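# A look at the structure
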Amino acid sequence: MAEHGTRPDLSSGPLTGITVLDLTTASPGLYTSMILADMGAEVIKISAPGKARAKATSGPATEYRAVSPGHLDRNKKSIRLNLKKPAGKEVFLRLVEKADVVIEGFRPGVTKRLGIGFETLRAKNPGLIYAAMSGYGQDGPSALRPGHDLNYLAESGILSLLGPRGSTPSVPLNLVADLGAAAAHTVAGILLALFARERGHGGQLVDVSYVDSSIALLSATPTARAHFDGNPWVERGGDAMSGAFAYYGLYATADDELLSVGCLEPWFWTRFCEAIERPELAEFAFTPDHYSRGPNDDELRIRDEVAKILAGRTAREWLNHLAKYDLPVSPVRGLDEVARDPQTRHRGMFALTGDTPVERRLGIPIVLSETPGTIRSAPPVVDGDAEAILRGLGYSEEEARSLRGEIGLG
C-alpha cells in the first residue's frame, strides 16, 4: 500500500497495488476475488494439482481452461500448487510474504492441518488480511457441517419465506446465500480490514459464514422486522412483497408473457388503477400491516380481477400504455433480451474483454467516477502464469523448472 499522503497510480482501479491469493474453488469465493480483481488487485488463483480441465468454449483446440466457473476468473493469474508437499507450501509461503489478502473457502481447520492457517500466515506477514468463507463460521457447534446455498437458506429462515402460499418453498438459484450474502459480505469484510490496516491496525481474520450473512439480509426484510417487533411470523407467500397482494406481483398477459408490477407505494398503485380504468381499486393499496399478515378474501379477489384485466392485452400493448403513467411495471426478460436492452448496453453490463478470441462477459456493476474498475484480461489458462510468478518470487529459471514437478505444475 502507498504511504499516507501519496497518490499512487490507480489507472487500473482503486485496488491497484493490492495482491490477493485466491484458494477458493466455488463460485462465491471466485466471485469475491473477481470483484477485487476488477478493481485493480493482482489476484493469483491457486489451484490444486490434477484438477480436471476442459476445452475453452472458443479458441484453438490446444488451449485449455479450468472447469471451475471460468467467467469468474477474468483479470486473474493462475498457478497450480500442491500444498501437501513441502515445495508447494514453500512457494505459497513466499507468495504470502508479499500478499495483502488470502481468501479460502475450506471447512474450518483444513488450512491449519495443511500448515497454512491464519496464525501461521500472520506470523509470516503481520499485515495479512485472511478471509475465511465457511457455511457456519469458524467456530460453534455447527462449524464443521457441510452445506450448499439451499441448506444455508433453509437454516437462515429465508427459505421459509420464498414461494406461493400453501406450497413448498421455491428453490432459488444460488444467488442469495452464496453471492448476495456470503460473497458480498466477504468483499465488504476484506475492504474494511484493508481500511483498518491503513489506519495502523495490522492484518486480521475476516470470518464470514454463509448462514450468518444470510440471516443478516433479513434485517432489510420488512416481514422479518415486523416479526422482531413482536408480530407473528407471516405465512409464506402472505406478506406485502411476496406477490399475494395485487399491487406487487407477476401477471400473465394475452401473449403469455409476464409483467412485474411493483406499485408498492400508494401513489403508484392509484395511478396504476387509473391506467387500467379501475380507479375504485385504489383503496386496496399497501398498508404497513400487510408486512405481518396475509391478504383477506377481498384482497385476494382484487388480485384475481387485476390478473384478468392484464390478461386482456399483450405485454407490449400494456407497456406502451402504462409508459404514459410513469409506473414501476417491467417485463420479465430472458437473458438474451437483457443482453440486447439499450440501458444494459449503455451501462456496459455485457462487456467485451478485448482478447482473442473476443468473449462476451458480464460487466462491472460498481461505477466509480475517478478510479473505475476494468476488465483487463480473460480467464487465464490453468498454470499459465506459473513461470512468471515463480521468477517474481526470486526463483531462477533453472529452479523454477525443477520445481514444476514438485509443486504440481505441468
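Residues numbered from 1 in each chain as written. Predicted model: local features only at pLDDT ≥ 70, side-chain atom pairs only at ≥ 80, totals over all residues. Heavy atoms only, no water.

### Re the sheet that holds strand S9 (residues 248-252)
Applied cut-off: One requirement defines pairing of two strands: DSSP has to find at least two bridges between them. For the purposes of this entry, the term helix denotes a DSSP run of H or I that reaches at least four residues, the term strand denotes a run of E that reaches at least two, and both are numbered from the N terminus. Here the axes come from fitting lines to C-alpha atoms, over the contacting stretch only for helices, and the angles between their N-to-C directions go from 0 to 180 degrees. Note on contacts: a residue pair qualifies if any of its non-hydrogen atoms lie within 4.5 Å across the two residues.
Spatially, the 3 strands line up as an open sheet ordered S9-S10-S11, and their pairing is antiparallel. In this open sheet, the two edge strands, each paired with only one partner strand, are S9 and strand S11 (329-331). Within this sheet the neighbouring strands show an average axis-to-axis angle of 25°, counted without direction. Where S9 and strand S10 (residues 258-262) come together, 5 bridges link them in antiparallel fashion. For Gly249, the partnering residue across the bridge sits in S10 and is Val261. In the packing of helix H10 (residues 297-310) onto the sheet, contacts are made with S9 and S10, and the angle to S9 comes to roughly 40°.

### So, the sheet that holds strand S8 (residues 204-209)
One open sheet holds the 6 strands; their spatial order is S5-S2-S1-S6-S7-S8, and the pairing between them is parallel. Sheet topology places strand S5 (76-80) and S8 at the edges, where each strand pairs with a single neighbour. Taking the axes of each pair of neighbouring strands and ignoring which way they run, one obtains an average angle of 20° across the sheet. As defined by bridge partners, strand S2 (residues 42-47) adjoins S5 across 5 bridges and the pair is classed as parallel. Each bridged residue has a counterpart across the sheet, and for Ser47 the counterpart in S5 is Arg80. This element, helix H2 (residues 86-98), spans strand S1 (19-22), S2 and strand S6 (101-104) of the sheet and lies at about 145° to S1.

### Re the nonpolar core
We apply this condition: Side-chain atoms within 4.5 Å link the members of a nonpolar core, which is a set of buried Ala, Val, Leu, Ile, Met, Phe, Trp, Tyr and Cys residues. To sort residues, take the accessible area from a 1.4 Å probe on protein chains only and compare it with the maximum for the residue type: under 20% means buried, over 50% means exposed, and anything in between is partly exposed.
Grouped together as the largest cluster of nonpolar side chains are 35 residues, with contacts concentrated most on Ile18, Val20, Leu36, Ala41, Val101, Ile103 and Ile190. When residues in this core are grouped by element, the largest group, 6 residues, is from helix H6 (residues 175-198). Apart from the residues lying within four places of it in its own chain, the contact partners of Leu36 are Leu15, Val20, Ala41, Ile103, Val187, Ile190 and Leu191. Ala246, Phe268, Ala285 and Leu310 belong to the second-largest nonpolar core, a separate cluster that totals 31 residues.

### Side note on the pattern of salt bridges
Keep this limit in mind: Definition used for salt bridges: Asp or Glu carboxyl oxygen within 4 Å of a side-chain nitrogen of Lys or Arg.
Evaluation of the coordinates by the stated rule reveals 20 salt bridges. Residue Arg278 is joined to Glu280 by a salt bridge in which the shortest nitrogen-to-oxygen separation is 2.4 Å. Under the relative-accessibility criterion, Arg278 is labelled partly exposed at 23%. For Glu280, a relative accessible area of 42% translates into the label partly exposed. Between Asp289 and Arg293 there is a salt bridge; the shortest N-O distance is 2.6 Å. For Arg293, a relative accessible area of 25% translates into the label partly exposed. The structure contains a network of salt bridges with shared partners spanning Arg278, Glu280, Asp298, Arg301 and Glu305.

### Details of the state of the cysteines
For clarity, the threshold we go by: Disulfides are defined as pairs of cysteine sulfur atoms found within 2.5 Å of each other.
Within the structure shown, the criterion is met by 0 disulfides. Cysteine Cys263 remains unbridged, with the sulfur of Cys273 as its closest cysteine sulfur at 8.1 Å. Given a relative accessible area of 0%, Cys263 falls into the buried group. Residue Cys273 is classed as buried on the basis of its relative accessible area of 0%.

### Focus on the packing of aromatic side chains
Rule in force here: Put simply, two rings from Phe, Tyr or Trp (the six-membered ring, in Trp's case) pair if the centres are within 6.5 Å, and we call them stacked under 30 degrees between planes, edge-to-face over 60, tilted for the rest. Think of it as a cone above the ring: NZ of Lys or CZ of Arg counts as a charge over the ring if it is within 6 Å of the ring centre and within 35 degrees of the ring normal.
Following the criterion strictly, the structure yields 9 aromatic pairs and no others. Both rings, one in Trp269 and one in Phe272, keep their centres 5.4 Å apart while their planes meet at 20°; by these two values the pair is stacked. Within this pair, Trp269 and its partner Phe272 are both found in helix H9 (residues 266-275), separated by 3 residues, close to a single helical turn. Ring pairs connect the aromatic residues Phe245, Tyr247, Trp269, Phe272, Phe286 and Tyr291, which therefore count as one cluster. Residue placement shows Arg94 over the ring face of Tyr395; its charged tip is 4.0 Å from the ring centre.

### Let's talk about the packing of H6 against helix H7 (residues 210-217)
Put simply, the test is: Each angle receives one of four descriptions, namely roughly parallel if under 35 degrees, roughly antiparallel if over 145, roughly perpendicular if within 65 to 115, and oblique otherwise. Note that Gly is not counted as nonpolar here; it falls among the polar residues with everything else outside the nonpolar set of Ala, Val, Leu, Ile, Met, Phe, Trp, Tyr, Cys and Pro and the charged set of Asp, Glu, Lys and Arg.
Where H6 contacts H7, the axes come no closer than 8 Å and their chain directions differ by 95°. By the angle between their directions, the pair H6 and H7 is classed as roughly perpendicular. Residues Val176, Ala177, Asp178, Gly180, Ala181, Ala182 and His185 of H6 form the contact with H7, whose participating residues are Tyr210, Ser213, Ser214, Ala216 and Leu217. Its residues placed into classes, the contact of H6 with H7 shows 7 nonpolar, 4 polar and 1 charged.

### Describing helix H5 (residues 149-156)
Stated formally: What the arc describes is the spread of directions from the helix axis to the C-beta atoms.
Buried within H5 we find Asp149, Tyr152, Leu153 and Ser156. Angularly, the buried residues of H5 cover 100° about the axis, an arc narrow enough to put them on a single face. Packed against the buried residues of H5 are H6 and H7. Count one or two residues on from H5 and you reach Gly157, which has phi positive near 95°.

### Some details on the packing of helix H1 (residues 27-38) against H6
Put simply, the test is: Crossing handedness is defined as follows: a turn of the near helix away from the far one that is anticlockwise and smaller than a right angle gives a left-handed crossing, while the clockwise case is right-handed.
Closest axis-to-axis distance for the H1/H6 pair is 9 Å, and the angle between their directions is 45°. Taken as axis vectors, H1 and H6 run oblique relative to one another. Viewed along their axes, H1 and H6 form a crossing whose handedness is right-handed. Where H1 abuts H6, its residues Ser27, Pro28, Tyr31, Thr32, Ile35 and Leu36 lie against Asp178, Leu179, Ala183, Thr186, Val187, Ile190 and Leu191.

### With respect to a nonpolar patch on the surface
Inclusion rule: Like charges within 9 Å and nonpolar side chains (Val, Leu, Ile, Met, Phe, Trp, Tyr) within 5 Å are joined into patches, using only residues over 30% in relative accessible area that form no salt bridge. The Shrake-Rupley method, run with a 1.4 Å probe, gives the accessible areas here. Residue values count only the displayed protein chains as cover.
On the surface, Leu250, Leu258 and Val332 cluster together into a nonpolar patch covering about 230 Å² of accessible area. Looking at the element boundaries, Leu250 is found in strand S9.

### Observations concerning the side chain of Asp149
For clarity, the threshold we go by: The sign given to each residue is positive for Lys and Arg and negative for Asp and Glu; His and the chain ends receive no count.
Its place among the elements puts Asp149 in helix H5. Look at Asp149: it is buried, it has no salt bridge, and the nearest opposite charge is Arg145 at 14 Å.

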